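# Summary of the model geometry
So the chains spell out like this:
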Amino acid sequence: MSNSVDSKSPGGDLADVEAHIAHVDHSADLDEKAKPSTYKADAIEAENAEHNMTVLGAVKLYPMATFWAFVMSSTIIMEAYCVFLMGSFVAMDQFKNEYGVEDQDGTMQIEASWQSALQMGGPLGAIIGVCLAGPITGRIGYRWTTILALMLLNAFIFVFYFANSLAVMFVSQLLEGVPWGIFIANAPAYCSEIVPIQLRAPATQMLQMFWAIGAIIVGGICYVYESRLDPSAYRVPIALQWMFPTPLAILLFLAPESPWWLVRKGRLEDAAIAVRRLGRASVLTNLDESVAMMRRTIELEKTDKEPSYLELFRGTDTYRTLIVCGVYAAQNLTGNLIANQAVYFFRQAGIDSQLAFALGLITSGLQTVFVMLSWILTTYLGRRTIYVWGSLINVCFLIALGIAGSVGKSTAASLAQASLGLIVSVLFTLGPAPASWVIIAETSAIRLRPLTTGIGRGAYYAVNIPCIFLATYMLNPTGVNLGGRCGYVWGATGFVCFLVSYFFLPEMKGRSFREIDILFKRHVPARKWKKTVINADDDE
């Protein structure tokens, strides 16, 4: 998106924008029959303006874009809420007393098989959701697809609330997973498309922040209710899911559609209106330039065929799809499952119930703070730097966790495992986790974005489901009961992810979608992206 600063303006500050007067004829920008050459100058103007913006200047120019990205990102709270809720239930005494079996020590435990089933029900449903998200979004847009998913979630929560067996709870998780998949496929794509270049990192990283906020809400609720000795200990946390979908649906009804999606559909006038709603109308005098920039980028990807999943694996789009799938899948292999099962991990490390829930709440609070810190790191240091080296640091702590779990049972060993588990969970949200959302949102071609983010999240769940079985089997006393020694396993998989990302993950910081398209088409090696110059006139 563009402000009214030209390519020679000295930095894109708000005062400069308000003082600038446009002298160019923009009539071709919204003319569907216009040739690309007639609006190319305006497209260059808009792109240069975005490059010249500062982060603070971009926020001042596009305050509503920031707000609507905030709203769309908050849909992730619901997946996080339920994921962490199931992780908390298997550690909750009342839930275990009603649905568990005795282990060898006479303690009630949810069987490893059922524990895995309950936690994989959502991801299985989400695979269906992410596959549906791309085609539906391509037809009706991000807003209406997400609103539809929110209404479905309202209905599916009823199944969970009235469930009276583990089997019915599994079905409820399967159903709830469908709208989760739509949320997680659409949110990063929408957020990246409604904000200028300088805000893409913080806008998409808000997804990780809301994931942590969902965990905080669950942690606080379960901390209050876990000591109850009746079904309300887990029924009330289930019912509180209803506080999210309807308010969010109302807000999204009021939100503008992605202008990039509108341009792809040929609705240029509507796209200009959307840009106006995303920014300060009193300042954004040359809205048509933003539309021209979008048209120019989309023209580079133009084809007569409708987007399809097969197209994701043709030509340079194969590399782009593999990056998105790999980054998504790697979230399961670099410490994320310890974070998702934090309370249960603390219990198996020898921490008592009340303290385990308190530590889970502290972990979620620290994750929120560290995600905010990651906005600064990713914006100024870059996506590749934070992702690659953050993954390596996490590997080191995972190995340390394995060592702590190998020294025998003692109070000191339990505290060391709990501390290292907390550190791994928190550091994951400073480096690999938030950086991955930015990479996912920026990598795909504009034309294929809804499909790419959907198939990428599908790859996440495809890896997540067996990893849930593995994680549960490693921690559960009815399994192999590894405890902290699971750090060796996740440390090994995390190191593989570090190596792959070091050689194949490019740096997209400060790049427009046009520049990213050109760099992929030129087959520039990943480690040379940062030094490669793309001229404003280049179209290939």
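Located above this text is the structure these notes cover.
Sequence positions are assigned chain by chain, starting from 1 and proceeding in written order. Reporting in this predicted model follows two pLDDT cut-offs: at least 70 for local features of residues, and 80 or more for side-chain atom pairs to be given and counted; totals over whole chains, interfaces and linings ignore these cut-offs and use all residues. Based on all heavy atoms of the structure, the side-chain values leave hydrogens and waters out of the count.

## So, the overall build of the protein chain
Helix and strand counts for the protein chain come out as 25 helices and two strands. Across the 540 residues of the protein chain, 61% fall into the buried class. Counting contacts in the protein chain only where the partners sit at least 6 residues apart, residues at least 24 apart contribute 82% of the total. Per-residue and other accessible areas were derived by the Shrake-Rupley procedure at a 1.4 Å probe size, with only the shown protein chains allowed to occlude residues. Of the roughly 19,800 Å² of accessible surface on the protein chain, a fraction of 65% belongs to carbon and sulfur atoms. A helix here means a DSSP run of H or I that spans at least four residues, while a strand means a run of E at least two residues long, and both kinds are numbered starting from the N terminus. Partly exposed describes any residue whose relative accessible area lies between the buried limit of under 20% and the exposed limit of over 50%, with all areas from a 1.4 Å probe on protein chains only and scaled to the type maximum. The contact criterion used throughout is that any non-hydrogen atoms of two residues lie within 4.5 Å.

## Some points on unusual backbone geometry
The phi dihedral of histidine 523 falls on the positive side, at around 55°, and the residue is not glycine. Looking at the secondary structure, you find histidine 523 in the segment after α25 (513-521).

## Details of helix α12 (residues 245-254)
Pro245, Leu248, Ala249 and Leu252 are the residues of α12 that are buried. Along the axis of α12, the buried residues cluster in a sector spanning 105°; they form a single face. On its buried side, α12 packs onto α4 (63-73), α5 (76-89) and α8 (142-161). Comment: arc refers to directions from the helix axis out to C-beta atoms.

## Points about the pattern of salt bridges
Definition used for salt bridges: Asp or Glu carboxyl oxygen within 4 Å of a side-chain nitrogen of Lys or Arg. This structure, assessed with the given rule, holds nine salt bridges. A salt bridge links glutamate 79 to arginine 457; the nearest nitrogen and oxygen atoms lie 3.4 Å apart. With glutamate 79 in helix α5 and arginine 457 in helix α23 (residues 449-475), the pair connects residues that are 378 residues apart, well separated along the chain. Considered together, glutamate 79 and arginine 457 belong to a single accessibility category, that of buried residues. For arginine 267, the salt bridge is made with aspartate 270, and the minimal N-O distance between the two is 3.0 Å. Judged by relative accessible area, which is 32%, aspartate 270 ranks as partly exposed.

## Notes on the side chain of serine 391
Structurally, the position occupied by serine 391 is in helix α20 (residues 383-404). Accessibility expressed as a relative area gives 1% for serine 391, which makes it buried. Not counting the four nearest positions on each side in its chain, serine 391 is found in contact with Ile386, Pro432 and Phe498.

## A few points about the environment of methionine 209
On the secondary structure map, methionine 209 appears in helix α10 (residues 200-225). It is 9.3 Å that separates the C-alpha atoms of methionine 209 and isoleucine 76, two residues lying 133 residues apart in sequence. For methionine 209, the contacting residues outside a window of four places in its chain are Phe70, Thr368, Val371, Met372 and Trp375.

## Section: a nonpolar patch on the surface
Without a salt bridge and with relative accessible area above 30%, a residue can belong to a patch; like charges are then joined within 9 Å and nonpolar side chains (Val, Leu, Ile, Met, Phe, Trp, Tyr) within 5 Å. Together, Phe495, Val496, Leu499, Val500, Phe503 and Phe504 give the surface a local cluster of nonpolar side chains, amounting to about 550 Å² of exposed area. Along the chain, the position of phenylalanine 495 falls in helix α24 (residues 486-504).

## A word on the packing of α4 against α12
The N-to-C vectors of α4 and α12 enclose an angle of 145°; their axes lie 10 Å apart at closest approach. Seen from above, α4 lies across α12 with left-handed handedness. Residues Trp68, Val71 and Met72 of α4 form the contact with α12, whose own contacting residues are Leu248, Leu251, Leu252 and Leu254. As a rule, the C-alpha atoms of each element are fitted with a line to give its axis, helices using only the stretch in contact, and angles between N-to-C directions run from 0 to 180 degrees. Put simply, a crossing is left-handed when the front helix is turned counterclockwise from the back one by less than a right angle, and right-handed when it is turned clockwise.

Geometry only, nothing functional implied.
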